[in-house]
Amino acid sequence: MPVDFLTEAQKRRYGQYPEEVSAVQLARHFHIDDIDRNLIAQRRGDANRLGFALQLVTVRFLGTFLANPIAVPEVVIAHVARQLAIADASCLPGYLDREPTRHAHRAEIRAVYGYQDFGTPWSLRLTRWLYLRVWLGHERPSLVFDQATAWRVERKVLLPGVTTLSRLVASVRERAANAARSPLEDPPRHAL
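What counts as what
- Residues numbered from 1 in each chain as written.
- Predicted model: local features only at pLDDT ≥ 70, side-chain atom pairs only at ≥ 80, totals over all residues.
- Heavy atoms only, no water.
- Helix = DSSP H or I, 4+ residues; strand = E, 2+ residues; numbered from the N terminus.
- Buried < 20%, exposed > 50% of the residue type's maximum accessible area, 1.4 Å probe, protein only.
- Patch = residues over 30% accessible without salt bridge, like charges linked within 9 Å, V, L, I, M, F, W, Y side chains within 5 Å.
- Areas by Shrake-Rupley, 256 points an atom, 1.4 Å probe, with all protein chains shown as cover.
- Salt bridge = Lys/Arg side-chain N within 4 Å of Asp/Glu carboxyl O.
- Expected span 1.5 Å × (residues − 1).
- Arc of directions from axis to C-beta.
- Contact = heavy atoms within 4.5 Å.
- Polar contact = N/O pair within 3.5 Å; in protein donor to acceptor, adjacent residues only side chain to side chain.
- Phe/Tyr/Trp six-rings, centres within 6.5 Å; stacked < 30°, edge-to-face > 60°.
- Lys NZ or Arg CZ within 6 Å of the ring centre and 35° of its normal.

**A closer look at unusual backbone geometry**
Line of reasoning, step 1. Backbone torsion omega between Thr120 and Pro121 reads 5 degrees, so that peptide bond is classified as cis.
Line of reasoning, step 2. With respect to the helices and strands, the residue Pro121 is situated in the loop between helix H6 (99-113) and helix H7 (122-136).
Line of reasoning, step 3. Phi at Lys156 takes a positive value of approximately 55 degrees, unusual for a residue other than glycine.
Line of reasoning, step 4. Assessed through its relative accessible area of 31%, Lys156 is described here as partly exposed.

So this is what it looks like as structure tokens:
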């Protein structure tokens, strides 16, 4: 089962910010609403408020938390800081001082906003969804991979690792291809 359908550049970009974040993306994905503000306001200090907010908008935009939560494009930092009325975003490195705080913030964001790990039942649901896409269409594997990445957005499922997702896509494509070779048989039940 070939799983090397992604380029090295695609693998590096997976779960990371793009080089440029457009004004449209800023408006659509990085807006802090009143519910967000109330939660963010519970943090002490500008560094914690800004760091918490950046983790929140990052998981919304990327579908994952970054290992370094402040490794965010400057344009995003400035946009979020403006919305929070934080005049000096240079305080942000202070957010890295306490690792337990960052982990607690991630856990709180997951709980309040309903983000879930990619595991049962989500891996089974995605497998079914992918199988139907592959069975009914003839998209190239990298497009199916991108569709799988987009699938999790509305379901608030955190991204699995790039290898996990590419193996899942390759496995589903292989099962669908094997089933297609036997045209008199229905698609295998275990795949649905």
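Past the structure itself, the notes keep going.
**Details of a nonpolar patch on the surface**
Line of reasoning, step 1. Taken together, the side chains of Leu132, Trp135 and Leu136 present a nonpolar region at the surface, about 320 Å² in accessible area.
Line of reasoning, step 2. By the secondary structure assignment, Leu132 is in helix H7.
Line of reasoning, step 3. Relative accessible area serves as the criterion here: at 46%, Leu132 is assigned to the partly exposed category.

**Observations concerning the pattern of salt bridges**
Line of reasoning, step 1. The tally for this structure, following the rule as stated, stands at six salt bridges.
Line of reasoning, step 2. Of the charged contacts, one joins Glu8 and Lys11 as a salt bridge, the two residues approaching to 3.5 Å between their closest N and O atoms. With Glu8 and Lys11 both in helix H1 (residues 8-13) and three residues apart, the pair spans about one turn of that helix.
Line of reasoning, step 3. Residue Asp34 is joined to Arg37 by a salt bridge in which the shortest nitrogen-to-oxygen separation is 4.0 Å.

**Let's talk about H6**
Line of reasoning, step 1. The end-to-end C-alpha separation of H6 is 21 Å, in line with the 21 Å expected for 15 residues at 1.5 Å each.
Line of reasoning, step 2. When we look at burial in H6, the residues that qualify are Thr101, Arg102, His105, Arg106, Ile109 and Tyr113. Take H6 and look down its axis: the buried residues cluster within an arc of 140 degrees, on one side only. In H6, the exposed residues that point more than 90 degrees away from the buried face are Pro100 and Ala111.
Line of reasoning, step 3. The elements touched by buried residues of H6 are helix H3 (34-40) and helix H4 (46-62).
Line of reasoning, step 4. Trailing H6 by a residue or two, Gly114 shows a phi angle of about 80 degrees, which is positive.

**Focus on the environment of Arg106**
Line of reasoning, step 1. Turning to its location among the elements, Arg106 is positioned in helix H6.
Line of reasoning, step 2. Between the alpha carbons of Arg106 and Phe52 there is a distance of 8.1 Å; along the sequence they are 54 residues apart.
Line of reasoning, step 3. Setting aside chain neighbours within four positions, we find Arg106 in contact with Gln55, Phe65, Leu66, Ala67 and Pro69.
Line of reasoning, step 4. Of note is the side chain of Arg106, whose polar atom sits 2.9 Å from the side chain of Gln55.

**Focus on the packing of aromatic side chains**
Line of reasoning, step 1. Inspection of the entire model under this criterion finds seven aromatic pairs.
Line of reasoning, step 2. Between Tyr131 and Trp135, the ring centres sit 6.0 Å apart and the planes meet at 15 degrees, which makes this aromatic pair stacked. Separated by four residues within a single helix, Tyr131 and Trp135 lie in helix H7, roughly one turn from each other.
Line of reasoning, step 3. Here Tyr131 falls in the buried class, since its relative accessible area comes to 1%.
Line of reasoning, step 4. The exposure class of Trp135 is partly exposed, given its relative accessible area of 30%.
Line of reasoning, step 5. Taking NZ or CZ as reference, Arg125 lies 4.7 Å from the ring centre of Trp122, over its face.
Line of reasoning, step 6. Here Lys156 stacks its cationic end above the ring of Tyr115, 5.6 Å away from the centre of that ring.

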